[in-house]
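Examination of the molecular architecture
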Amino acid sequence: MPLLPPVGRLAPTPSGLLHLGNALAFGAAWLSARGAGGRVLLRVEDLDRGRARDLVADAQRADLRWLGLDWDAEVTPQSRRAYPIDAIPTYRCTCNRAARLARLCTCRAARHAEGVWRYRTPPGEVAFVDRARGPCRVAPEDDPVVMRADGEAAYPLAVVVDDARDGVTEVVRGADLLDATAVQVRLYEAMGLVPPTWLHVPVLLGPDGRKLSKSHGSTGIGALRDAGYTPERIWSLLLPLLGLPPGPLEHARLDPARIPPGPFVVGEDGRIRS
Ligand code: GLU
């Protein structure tokens, strides 16, 4: 039976401008789908409307295009979709973060009519196969929030419903989301949906050892462009982190087996080391 071409996606959250770490993950997602003759979707993950900004999403699209990452279709952004939770076991929880961390929450056994909705996660580790790391066993986060008290869906639920609805067959993203994958595998099971394949690529850390974010302004794609970097130069920095020779993106052929686990540190001098 011939294999159908894969469907991948770029799923930026418009809470900050794209940085080198986003470019690495999106570049890997693009190479994976394109290299197999597949389709690439763009989905703006703007559930958190307070922080998400249309202007940021526009700037992210422009940065993606400038990097040479294109997409076949942009699907409906998350803020304009509905996410039913009746198919999954949930309970409402009124605890704050401190109470949860101190394990004082007893909401699982209560029947609250208010509060956030948490997914009743079955106990035990979750097994899944990562295309680079091989078989993984990860303990999922304890009962993650799947819907906020105001009825807006939270990321773990939305990403699963969307990837299934959008026909995504492969998820490629940063290794910081390995724990999220464990929850999502459970949610696919709970909803009786076929999960995509998973590929996690190295996380980039700033000189302070923390995951790159907008506070590491000099690693922003826009900042690098303003400093005279070309897309070719950026890919020459990033492709070796995927186990590939430096060079233009369009010549790169992703081989998941060669992707190192990472993480990598972007130094003050812009050099990247493991
Ligand atoms: N929206 C997430 C981000 O921008 C990606 C989530 C995912 O790929 O599942 O980091």
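None of these values were measured; they are calculated from a predicted model.

Considerations on the packing of helix H4 (residues 155-165) against helix H5 (residues 178-191)
- Where H4 contacts H5, the axes come no closer than 10 Å and their chain directions differ by 60°. Here H4 lies oblique to H5, going by the angle between them. Considering how the two elements wind past one another, H4 and H5 form a crossing that is right-handed. Together, Tyr155, Pro156, Leu157, Val159, Val160, Val161, Asp163 and Ala164 of H4 and Ala180, Val183, Gln184, Leu187, Tyr188 and Met191 of H5 make up the contact between the two elements.
- Looking at the contact of H4 with H5 residue by residue, the class counts come to 12 nonpolar, one polar and one charged.

What about the sheet that holds strand S11 (residues 204-205)?
- Ordered by their spatial adjacency, three strands build an open sheet running S11-S12-S13, and the pairing between neighbours is mixed. Whereas interior strands pair on both sides, the edge strands pair on one side only; in this sheet they are S11 and strand S13 (272-273).
- The pairing of strand S12 (residues 264-266) with S13 spans two bridges and is classified as antiparallel. Bridge pairing in S13 links valine 265 to arginine 273.

As for the site of the ligand
- As a matter of local geometry, the ligand sits amid Arg9, Ala11, Pro12, Thr13, Glu45, Tyr155, Val159, Arg173 and Leu177.
- Take threonine 13: an N or O atom from its side chain is 2.7 Å from a nitrogen atom of the ligand.
- The separation between an oxygen atom of the ligand and a polar side-chain atom of arginine 173 is 2.7 Å.
- Coverage of the ligand by the protein chains reaches 81% of its 290 Å² of free accessible surface.

With respect to the nonpolar core
- Membership of the largest hydrophobic core comes to 39 residues, with the highest contact counts inside it found for Leu10, Leu20, Leu31, Leu69, Leu204, Leu238 and Leu242.
- Ranked by residues supplied to this core, first place goes to helix H1 (residues 20-35) with 10 residues.
- Residue contacts for leucine 20: discarding those within four places in its chain leaves Leu204, Leu212, Thr219, Ile221, Leu224, Ile234, Leu238 and Val266.
- In this structure, Cys136, Val159, Ala175 and Leu187 belong to the second largest nonpolar core, which totals 35 residues.

A look at the pairing of strand S7 (residues 134-138)
- Note: strand S6 (residues 126-130) against S7, five bridges, orientation antiparallel. Looking at the pairing, alanine 127 lines up with arginine 137 of S7.
- Joining the antiparallel neighbours S6 and S7 is a turn of three residues.

Some words on the packing of H1 against helix H7 (residues 231-238)
- Packing of H1 against H7 leaves a shortest axis separation of 11 Å and a crossing angle of 80°. Relative to H7, the element H1 is oriented roughly perpendicular. Of the residues in H7, those touching H1 at Leu20, Ala23, Leu24 and Gly27 are Ile234, Trp235 and Leu238.

Side note on the environment of glycine 151
- Inspection of the secondary structure assignment puts glycine 151 in the loop between strand S8 (145-147) and H4.
- Here glycine 151 falls in the partly exposed class, since its relative accessible area comes to 38%.
- Residues glycine 151 and valine 116, spaced 35 residues apart in sequence, show a C-alpha to C-alpha distance of 8.2 Å.

Quick notes on the packing of aromatic side chains
- Taken as a whole and judged by the stated rule, the model has one aromatic pair.
- One residue, arginine 92, lies across the ring of tryptophan 117, its end atom 3.5 Å from the ring centre.
- The residue whose ring lies beneath arginine 233 is tyrosine 229, and the NZ or CZ to ring-centre distance is 3.9 Å.

Side note on the pattern of salt bridges
- Within the structure shown, the criterion is met by 21 salt bridges.
- Two residues, arginine 103 and aspartate 142, come together in a salt bridge whose shortest N-O distance is 3.1 Å. One end of the pair, arginine 103, is in the loop between helix H3 (97-101) and strand S5 (116-119); the other, aspartate 142, is in the loop between S7 and S8, with 39 residues separating them in the sequence.
- Note on arginine 103: relative accessible area 67%, which makes it exposed.
- Among the ionic pairs, aspartate 162 bridges to arginine 165, the shortest N-O distance being 3.5 Å.

What counts and what doesn't
- Residues numbered from 1 in each chain as written.
- Predicted model: local features only at pLDDT ≥ 70, side-chain atom pairs only at ≥ 80, totals over all residues.
- Heavy atoms only, no water.
- Axes fitted to C-alpha atoms, helices over the stretch in contact; angles between N-to-C directions.
- Helix = DSSP H or I, 4+ residues; strand = E, 2+ residues; numbered from the N terminus.
- Parallel < 35°, antiparallel > 145°, perpendicular 65-115°, else oblique.
- Left-handed = near helix turned anticlockwise from the far one by under 90°.
- Contact = heavy atoms within 4.5 Å.
- Nonpolar A, V, L, I, M, F, W, Y, C, P; charged D, E, K, R; others polar.
- Pairing = 2+ DSSP bridges.
- Near = heavy atom within 4 Å.
- Polar contact = N/O pair within 3.5 Å; in protein donor to acceptor, adjacent residues only side chain to side chain.
- Areas by Shrake-Rupley, 256 points an atom, 1.4 Å probe, with all protein chains shown as cover.
- Core = buried A, V, L, I, M, F, W, Y, C linked by side-chain atoms within 4.5 Å.
- Buried < 20%, exposed > 50% of the residue type's maximum accessible area, 1.4 Å probe, protein only.
- Phe/Tyr/Trp six-rings, centres within 6.5 Å; stacked < 30°, edge-to-face > 60°.
- Lys NZ or Arg CZ within 6 Å of the ring centre and 35° of its normal.
- Salt bridge = Lys/Arg side-chain N within 4 Å of Asp/Glu carboxyl O.

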